[in-house]
Amino acid sequence: MRRILVTGGAGFIGSNFVQYLVDHTDVAVTVLDKLTYAASRESLAALPADRVRLVVGDIADAAVVTPLVGEHDAVVHYAAESHNDNSLADPSPFVQTNLVGTFTLLEAARATGVRFHHISTDEVYGDLELDDPERFTEATPYNPSSPYSSTKAGSDLLVRAWVRSFGVQATISNCSNNYGPWQHVEKFIPRQVTNVIDGGRPKLYGAGQNVRDWIHADDHSSAVWTILNQGRIGETYLIGADGELSNLDVVRMILRHFGRPEDDFDHVTDRAGHDLRYAIDSTKLRTELGWKPEYGDFAAGLARTIEWYEQHRDWWGPHKAAVEASYAARGQ
Ligand code: NAD
Ligand code: TDX
């Protein structure tokens, strides 16, 4: 593979993958990104211009997508509307980007025969009880809860159909919750960390018992590169790093890091339809393709991430007030 097109490469996880490609390979990268509110040109600014090119455009625009896909050896498709709370406030861009955008890319992959890797989420499987001994596997039935996760589930099913009916050379990965630098302040960990940096209090939805399975974005990127190179066409691989923690525990870890009392947070209005627990069994990826995560120690990864947010106030600061105002308007 010499040339790779990364959709959504100016977002949190997509930009991490672009950085990964620059650091670990010699491929030329094109980023196709609409530069929505969630994008950040700064996340790509330090990368060498002779390795990374940015094309500003919409994945649902066939006139842009089809010729661009044809110039590459592979497409890695990250672009999406990604925030559950936004999907509850206005589902429309989620349907357009996650479904129509993925459809448009698949049609281009079908027309050009280009290898396609689809980035998805564990949320397509719905949620688990707190005491369920089972975790999600590739065989778990789809059961999404939110407009966001249902559009991601629909996009996965489009990929599967385009493989089976049209022979598109695609793989799919479903990953758990990512953390790390460059994550938008609307998301859970950056929101709480920046609240504390600003002298405010973390905001926990409901009782805070909901469990998420945390993975560092660098580990997600290494898994995607492994699947792109060694994955079997038509297969799905779950990506996870055994990082289950309740939201309450994460908030307490953040408060401890800053030397603040562990109960120095607010309970706020719960998310509608809030998934209780996600948990990934990544045995298939580990045994078939030999991948393993490097960031086993969540506390250490979280501490580095907190330090990054302390050092990058100029990046997140300008967005913070508007994000908090929209949460406050919803009682969150
Ligand atoms: P993000 O919101 O940070 O970034 C999304 C990027 O996609 C942005 O740069 C945005 O400008 C771009 N984009 C949105 N609509 C577009 C369009 N119509 N055309 C072109 N570009 C468009 O999201 P993220 O957290 O980096 O997530 C990236 C992908 O990973 C998504 O597909 C998401 O479902 C998946 N995922 C995320 C997580 C997580 O924890 N964040 C976990 C598993 C899977
Ligand atoms: O202020 C908050 N307080 C709070 O308790 C926010 C923003 C969130 N939460 C809770 C809701 C969730 O239980 O924290 C948990 C994590 O919330 P998000 O960061 O919004 O992530 P989640 O809804 O779990 O989805 C994320 O992981 C899967 C990504 O945003 C998705 O793109 C990915 O598919």
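Please refer to the structure placed before this passage.
Note that residues are indexed from 1 along each chain, following the sequence as it is written. Note on labels: chains are lettered from A, ligands numbered from 1, in written order. Under the rules for a predicted model, residues below a pLDDT of 70 receive no local features and side-chain atom pairs below 80 are neither given nor counted, while totals for whole chains, interfaces and linings still include all residues. With hydrogens and water set aside, each side-chain value is computed from the structure's full complement of heavy atoms.

**Student:** Help me get a handle on the overall build of the protein, residues and values and all.
**Tutor:** Per the secondary structure count, the protein includes 12 helices and 13 strands. Against the compact-globule benchmark of 20 Å for 332 residues, the protein has a radius of gyration of 19 Å, which places it among compact chains. Counting only C-alpha atoms and orienting by the principal axes, one finds that the protein spans roughly 55 × 45 × 35 Å. Any pair of residues with heavy atoms lying within 4.5 Å of one another is described as a contacting pair. For the protein, contacts bridging at least 24 residues in sequence account for 81% of all contacts bridging at least 6. Secondary structure elements are defined from DSSP: runs of H or I of at least 4 residues count as helices, runs of E of at least 2 residues count as strands, and each element is numbered from the N terminus. Only C-alpha atoms enter the radius of gyration; for comparison, a globular chain is expected to reach 2.2 Å times N to the power 0.38, where N is the number of residues.

**Student:** Requested: an account of the pattern of salt bridges, with residues and values cited.
**Tutor:** Salt bridges, as used here, are contacts in which a Lys or Arg side-chain nitrogen is within 4 Å of a carboxyl oxygen on Asp or Glu. According to the stated counting rule, one finds 22 salt bridges in the structure shown. Residue Arg 135 pairs with Asp 242 through a salt bridge whose shortest N-O separation is 2.8 Å. Within this pair, whereas Arg 135 is found in the loop between strand S5 (115-121) and helix H6 (147-166), its partner Asp 242 is found in the loop between strand S11 (236-239) and strand S12 (244-246), the two being separated by 107 residues in sequence. We classify Arg 135 as partly exposed; its relative accessible area is 31%. Note on classification: 1.4 Å probe, protein chains only; a residue is buried when its accessible area is under 20% of the maximum for its type, exposed when over 50%, partly exposed between these limits. According to the relative accessible area criterion, Asp 242 is partly exposed, its value standing at 47%. In this structure, Arg 201 and Asp 266 form a salt bridge, with 2.8 Å as the shortest nitrogen-oxygen distance. Separated by 65 residues along the polypeptide, Arg 201 in the loop between helix H7 (188-197) and strand S8 (203-205) and Asp 266 in strand S13 (residues 266-268) bring together distant segments of the chain. For Arg 201, a relative accessible area of 34% corresponds to the partly exposed category. Each of the salt bridges in this network shares a partner with another, and the network as a whole consists of Arg 201, Lys 203, Arg 260, Asp 264 and Asp 266.

**Student:** Requested: an account of the sheet that holds strand S1 (residues 3-7), with residues and values cited.
**Tutor:** Across the sheet, which stays open at both edges, the 7 strands sit in the order S3-S2-S1-S4-S5-S6-S11 with parallel pairing between neighbours. Each having just a single partner strand, strand S3 (52-56) and S11 make up the two edges of the open sheet. When the angles between neighbouring strand axes are averaged without regard to direction, this sheet yields 20 degrees. Only when DSSP finds a minimum of two bridges between them are two strands counted as paired. The pairing of strand S6 (residues 170-175) with S11 spans 4 bridges and is classified as parallel. Pairing of Asn 174 across the sheet is with Leu 238, part of S11. Note on geometry: axes are C-alpha line fits, over the in-contact stretch for helices, and angles between N-to-C directions span 0 to 180 degrees. Most of the contacts of helix H3 (residues 62-70) go to strand S2 (residues 28-33), to which it runs at about 170 degrees, and overall it touches S1, S2, S3 and strand S4 (74-77). Strand contacts of H6: S5, S6 and S11, with the helix running at about 155 degrees to S5, the strand carrying the most contacts.

**Student:** Provide a residue-level description of helix H5 (residues 92-112), including the pertinent values.
**Tutor:** The periodicity of an α-helix, 3.6 residues per turn, causes residues three or four positions apart to be oriented the same way. Over its 21 residues, H5 extends 29 Å from the first C-alpha to the last, a length consistent with the 30 Å expected when each residue adds 1.5 Å. Along H5, the residues classified as buried are Phe 94, Thr 97, Asn 98, Gly 101, Thr 102, Thr 104, Leu 105, Leu 106, Ala 108 and Ala 109. Where the residues of H5 are buried, they touch S1, H3, S4, helix H4 (84-89), S5 and H6. In the stretch just after H5, Gly 113 is the one whose phi turns positive, near 75 degrees. Multiply 1.5 Å by the residue count of a helix minus one, and that product is the helix's expected span.

**Student:** For the site of ligand 2, give the residues involved together with the corresponding values.
**Tutor:** If even one non-hydrogen atom of a residue comes within 4 Å of a molecule or strand, that residue is called near it. With respect to spatial proximity, 22 residues lie near ligand 2, and among them Thr 121, Glu 123, Tyr 148, Arg 271 and His 274 are the closest. Polar contact criterion, stated in full: a pair of N or O atoms within 3.5 Å, where within protein one must be able to donate a hydrogen and the other to accept it, and residues adjacent in sequence count only if both atoms are side-chain atoms. Arg 191 places a polar side-chain atom, nitrogen or oxygen, 2.8 Å from an oxygen atom of ligand 2. Computed on the free molecule, ligand 2 has an accessible area of 660 Å², of which 94% lies beneath the protein chains in the complex. Breaking the shell around ligand 2 down by element, the ones donating at least two residues are H7 and S8. Residue type decides the class: Asp, Glu, Lys and Arg count as charged, Ala, Val, Leu, Ile, Met, Phe, Trp, Tyr, Cys and Pro as nonpolar, and the leftover types, Gly among them, as polar. Within the shell around ligand 2, the residues separate by chemical class into 6 nonpolar, 9 polar and 7 charged. Calculation of accessible area relied on Shrake-Rupley with a 1.4 Å probe; when residues are assessed, cover is drawn exclusively from the protein chains displayed.

**Student:** Please set out the nonpolar core residue by residue, giving values where relevant.
**Tutor:** The biggest cluster of nonpolar side chains holds 34 residues, and the ones touching the most others in it are Ile 4 and Ile 239. Taken together, the elements giving at least two residues each to this core come down to S1, helix H1 (12-24), S2, S4, helix H8 (217-230), S11 and helix H10 (283-289). Sort the elements by how many residues they give to this core and H1 lands first, with 7 residues. Sequence-distant contacts of Ile 4, that is, excluding residues within four places in its chain, are made with Leu 21, Val 27, Ala 28, Val 29, Thr 30, His 72, Ala 74, Val 76, Trp 225 and Leu 228. Residues belong to one nonpolar core when they are buried, are Ala, Val, Leu, Ile, Met, Phe, Trp, Tyr or Cys, and are joined through side-chain atoms within 4.5 Å. Within the second largest apolar cluster, 26 residues are counted, among which are Ile 189, Tyr 205, Leu 255 and Tyr 327.

**Student:** Could you give me a rundown of the pairing of S1, with the residues and numbers involved?
**Tutor:** Most of S1 sits inside the fold, with 4 of its 5 residues counted as buried. Two elements, S1 and S2, share 5 bridges in a ladder whose sense is parallel. Of the residues in S2, the one forming a bridge with Arg 3 is Ala 28. Regarding the hand of the β-α-β motif, the stretch spanning S1, H1 and S2 is right-handed. In the sheet, S1 pairs with S4 via 4 bridges, with the strands oriented parallel. Its bridge partner lying in S4, Ile 4 is registered against Ala 74. With its strands directed away from the observer, a crossover is right-handed exactly when the path from the first strand over the helix to the second travels clockwise.

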